[in-house]
Amino acid sequence: MPARGVSLEQDSRFSDKDASLIKTTKFPAVFSERVDMSKVNVSVMRPWIATRVEQMMGFEDDILAELIMSLLESDSHPDPRRMQITLTGFLEKRAAPFMNELWRLLLSAQASVGGVPRTFVEQKKREMQATREENTRAMSEMQRRHGRDHSADDRPKSSRRWDRGRSPIERDAPRGESWRRDRRDQGWATRAHFHRERAADASPEYSPPPPTHYRQRSHSPR
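Residues numbered from 1 in each chain as written. Predicted model: local features only at pLDDT ≥ 70, side-chain atom pairs only at ≥ 80, totals over all residues. Heavy atoms only, no water.

- In the nomenclature of an unreviewed UniProt entry, the chain corresponds to PWI domain-containing protein from the organism Malassezia restricta.

What follows is the structure, encoded as structure tokens:
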């Protein structure tokens, strides 16, 4: 006849040992308050339990995290004292502060709308506020850079330099006049003076070249 196995709860040796440990162990007063797991959002507790286990153990321990979740989900009203005794074999002296923190979160969760601990809600609000402030700073910085790049285009025309983009020689010319036009006019005056002096010293056969006349182009409507 095959032997039948029994669970820890069915084995009287373990149940008697747990009962004796519960009697001799001092538990916090908060353990006297019951938790209804049907009012708790278990999905938000799973990441917190995994993170706390990693912080206490120094490495990821999925097996221990799943054990804690199974202890919570195995009964609609779990016993925190029995959970602490069970976890002491894994967490040792860290089991008591962990269960104290976990049980307070569960009590807060069952009293909150949606089954989420109030601490988690406040933390989420702070994260959202920090995200909004970061986005606001990034937007302000972008607007500041955009305004600085286009500040020259937004200035009035009277405040712009009239000689911007011209060579140093052209900037020395009077405002409103073209340096090239002055050079051209000076060139014609120099050549005319040269021809007059040559005509006075030369033979009678020499005559200065006639001035070049440019015909003005008429713009007739088409």
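With respect to helix α2 (residues 42-57)
Stage number 1. Its 16 residues place the ends of α2 22 Å apart at the C-alpha level, agreeing with the 22 Å of an ideal helix rising 1.5 Å per residue.
Stage number 2. Inspection of α2 places Val42, Met45, Trp48, Ile49, Arg52, Val53 and Met56 among the buried residues, and these make up the whole buried set. End-on, the buried residues of α2 take up no more than an arc of 140°, which puts them together on one face. Exposed positions of α2 whose direction lies more than 90 degrees from the buried face are Ser43 and Gln55.
Stage number 3. Just downstream of α2, Gly58 is the residue with a positive phi angle, here 85°. (Helix = DSSP H or I, 4+ residues; strand = E, 2+ residues; numbered from the N terminus. Expected span 1.5 Å × (residues − 1). Buried < 20%, exposed > 50% of the residue type's maximum accessible area, 1.4 Å probe, protein only. Arc of directions from axis to C-beta.)

A word on the packing of α2 against helix α3 (residues 62-73)
Stage number 1. The contact between α2 and α3 brings their axes to 9 Å, and the two run at 140°. In terms of axis orientation, α2 runs oblique to α3. Read as a crossing pair, α2 and α3 show a hand that is right-handed. Together, Val42, Arg46, Ile49, Ala50, Val53 and Met57 of α2 and Leu64, Ala65, Glu66, Ile68, Met69, Leu72 and Glu73 of α3 make up the contact between the two elements.
Stage number 2. Of the residues in the contact of α2 with α3, the class split is ten nonpolar, no polar and three charged. (Axes fitted to C-alpha atoms, helices over the stretch in contact; angles between N-to-C directions. Parallel < 35°, antiparallel > 145°, perpendicular 65-115°, else oblique. Left-handed = near helix turned anticlockwise from the far one by under 90°. Contact = heavy atoms within 4.5 Å. Nonpolar A, V, L, I, M, F, W, Y, C, P; charged D, E, K, R; others polar.)

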